[in-house]
Structures are given as C-alpha cells and as structure tokens.
Amino acid sequence: MEWLTRQLELLAEQGLKRERRALSPLADGWVEWQGRRYRNFASNDYLNLASHPRVLAATNEPLKSTVGSRASALVSGRTIWHEQLEETIATFEGSEAALLFPTGYAANVGTIAALVDSNDVVFCDRWNHASLIDGCRLSGAKLRVYRHDDLDGLQRELCKCSTSSRKWIITDSVFSMDGDIAPLAKLCDLAAEFEADLIVDEAHGTGVFGATGRGVAELTGTEHRIAVRIGTLSKSLGTLGGFVAGSRSLIDWLWNRARSQVFSTALPPAICAAASAAIEILQAEPERCRYLLELCDFFRSELQSHGVQPMLGSIGPIVPIVIGDSIATLTIAQHIEGSGYLVGAIRPPTVPNGTSRLRISVTSAFNPADLSNLAVTIADAISSSNNNASS
C-alpha cells in the first residue's frame, strides 16, 4: 500500500487533498475550531432549524428509552416515532404515503435500484448528485446522460428508445454545486410525450422553494406529474435521513425491495422526533422560506456591487463563485476563513477540472449585515489572490 503515500502527495501538490478537522457546532450558524468561532457559510442548515429549541426538545422523550433503533426498520427497528415521521412527511408532501431511509444518499441509490432494471433506459442529468448517478449505474439499466441546458439533446435520445423499454428521467430539482434548478415543467412534458417516468430529488429544494416549502416541484406546479419524489431531512430540516413520498403502491414496493432501506439499521428514534418537529415548524411558519430567499437575493446583489459575479443561473441559498484553479480556490477560502467566515472550497472530482469554486451557503441564521460583510471579505480575498498571481 506504499503507493497511497505518493498518490496523497500528488493530491496535495494539486490542491486536491482534503484534510479532516473536527468542528464544534454552535447555535445560530456558528462553529468553533481550535478555540476560535466562525460564521458557518458552508452549512446546508438553510432554515437554521438544527439548533431550534423545539427541534432539540423533541429528542427528549425517545432518549428516555433508547439511543439507537437496534435493528432495520423491516425487522424491529421501526418505532412509533418512525411511523409518526412518515405520516408527517406524507401530509406535508400531500402524498398517500412516505418511506424513510437512513440518509439521502441511501434514498436515491435504493429507490432507483429498486425501480429500474437492466431492461430499462435511464436518462440522468450530467450534473446530478453522485447518489443519483450511482443509483443509475447500480440498476444495470442502459444509461444515457443529458444536460438540463440542452433538452433538445434529451429529446433526441428519447426518440431513439424502443417503445418496449421502460424509460426513466432522473434529476435533482436543485443542482448542489451550480445552484440552478431543473426545468421540471419541460421534463414533465417530455416524460409524457415519450411515456417515461420522472424521478426528482428535492434534497436542496425542500424548505427553500414553493409556497409551503415543498420544493421546486411545488414552485413549478408539477408535483402531480412526477412519479417519484425523493427528499432529505438533513438540509433545510436540520436533522438526518432521506425519504420518498408517493403512492401507497410505490411505498409498499420500496419497503419490500429497496436494499439500502431493508438492510440498514433504522434512523435513531430521537432523530425522527426532531425531524417531525422541524416539519411542523416549517408548516406553521412558511415565511421562513420567503425570508431565506430575500437574504439570497440581497447577498447576490452585494457580491455584484463589489465586482464579484456568482455563477449565472444560480438562485436560492447555494451561491457558487467560480475561481478555476484548485490551489487559488483553496487559498482564497483560507483568506476568508482568516476573517472568521467558513466557506466551501469545492474542487475536482466534485466539480470538473478548471471549475474549482467557492460554494457559499446562505442560511437564515444570518442577517443582511453579516452578508454585506462577507461580500466585502470575499471581494478582498479574490482581489488579493489576483494581485499575487500577477506579481
């Protein structure tokens, strides 16, 4: 295994080696590391619910009796708190039923592999999350890759398919590294025209978009046209786990055939109770979503006023700023960190070569003044990096 040492050295030389560090999460968007506090703009806790007093308090009752679920949900791990959460999700999503998975990754991989087989054709967006791509590969289906900015290409590929093959179009609703959203209405039209089924992952849409926070499908009025809606509890809802919402027959099938759910220990009951509380808060306070989007618009405006252009097409709380070079991206992120702000430095293989970027996550933990100060800090860091590169 000596080759690993040299490969790690090469990663470091290219600015691609990730280091592990242990951060202490604090309330209201702060973290602590090595005795210093940082404003956390690398978090997916968009609605600031991970530390909400009601969410924290909800864990008390389950923790009186157990920490873990002790078994898979299919055997004996499904508790009254799992049942309550699935019912809460189904009500929130306006669906007949819902099914929990241990993570969003497990929900995507398990759902696709349970529904799609080697006789099918899957059309997977080029910029989908790794879990959707892995699910497509695991299914053994014929894989066709398309880009959501080239739906003519998708249409051409759909035309080539045999009428006897089942066809699946699979997409994120919000693309996690670019921050743009899928053209769901057009995808629904293509699915209807070519008798395909649409699978949508609302991981970064839930709690952000739509009048009640159900995501991009609600925003675009396409919920009833989507065969399978997948979501996560670990971002806007501040807890852990993935879910699928849909018809009773869909949920019953996944209960019996989704291997990542069947063969995994169920979520901790305390997490289920916390997630139920988070959804209830979102349902009672939909204005949280509106305030978050106002902050996002304000932050983009502030960046532009200081000469920094976020990636075109991005909306919502994911604000990518493409730097290009991996080492420069890391240097700029460290400069920003020195001013007390934690931001993501995203490099290959997460994004294509030459597109390394800062990934700022806006959350409702912060106010306009925080965002104004961050915009100035980012502009200064980029300017400093450019000056050093030219000298």
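This structure is a prediction, so every number in the text was calculated from the model and none was measured.

Engineer: Quick rundown of the sheet that holds strand β1 (residues 24–25)? Include the residues and the values.
Structural biologist: Reading across from one edge, β1-β2-β3-β12-β13-β11 is the order of the six strands in this open sheet, with mixed pairing throughout. Each end of this open sheet is capped by a strand with a single partner; those strands are β1 and β11 (318–324). In this sheet, strand β2 (residues 30–33) lies alongside β1 in antiparallel orientation, the contact comprising two bridges. Opposite Ser-24, over in β2, you have Glu-32 as the bridge partner. Along the sheet, helix α14 (residues 287–305) contacts β11 and β13 (356–361); its crossing angle with β11, the most-contacted strand, is approximately 30 degrees. Helix α16 (residues 368–390) contacts β3 (36–41), β11, β12 (341–346) and β13 of the sheet and is inclined by roughly 50 degrees relative to β12.

Engineer: Describe the sheet that holds strand β7 (residues 167–172), with residues and values.
Structural biologist: Read across the open sheet, the seven strands follow the order β4-β10-β9-β8-β7-β5-β6; overall the sheet is mixed. For this open sheet the edge positions go to β4 (97–101) and β6 (142–146), each flanked by a neighbour on one side alone. Strand-to-strand twist across the sheet, computed as the mean angle between neighbouring axes with direction ignored, equals 20 degrees. Here five bridges tie strand β5 (residues 121–125) to β6, and the two strands are oriented parallel to one another. By the bridge assignment, Asp-125 is partnered in β6 with Tyr-146.

How each quantity is defined
- Residues numbered from 1 in each chain as written.
- Predicted model: local features only at pLDDT ≥ 70, side-chain atom pairs only at ≥ 80, totals over all residues.
- Heavy atoms only, no water.
- Pairing = 2+ DSSP bridges.
- Helix = DSSP H or I, 4+ residues; strand = E, 2+ residues; numbered from the N terminus.
- Contact = heavy atoms within 4.5 Å.
- Axes fitted to C-alpha atoms, helices over the stretch in contact; angles between N-to-C directions.

Everything listed is a geometric property; what it means functionally is a separate question.
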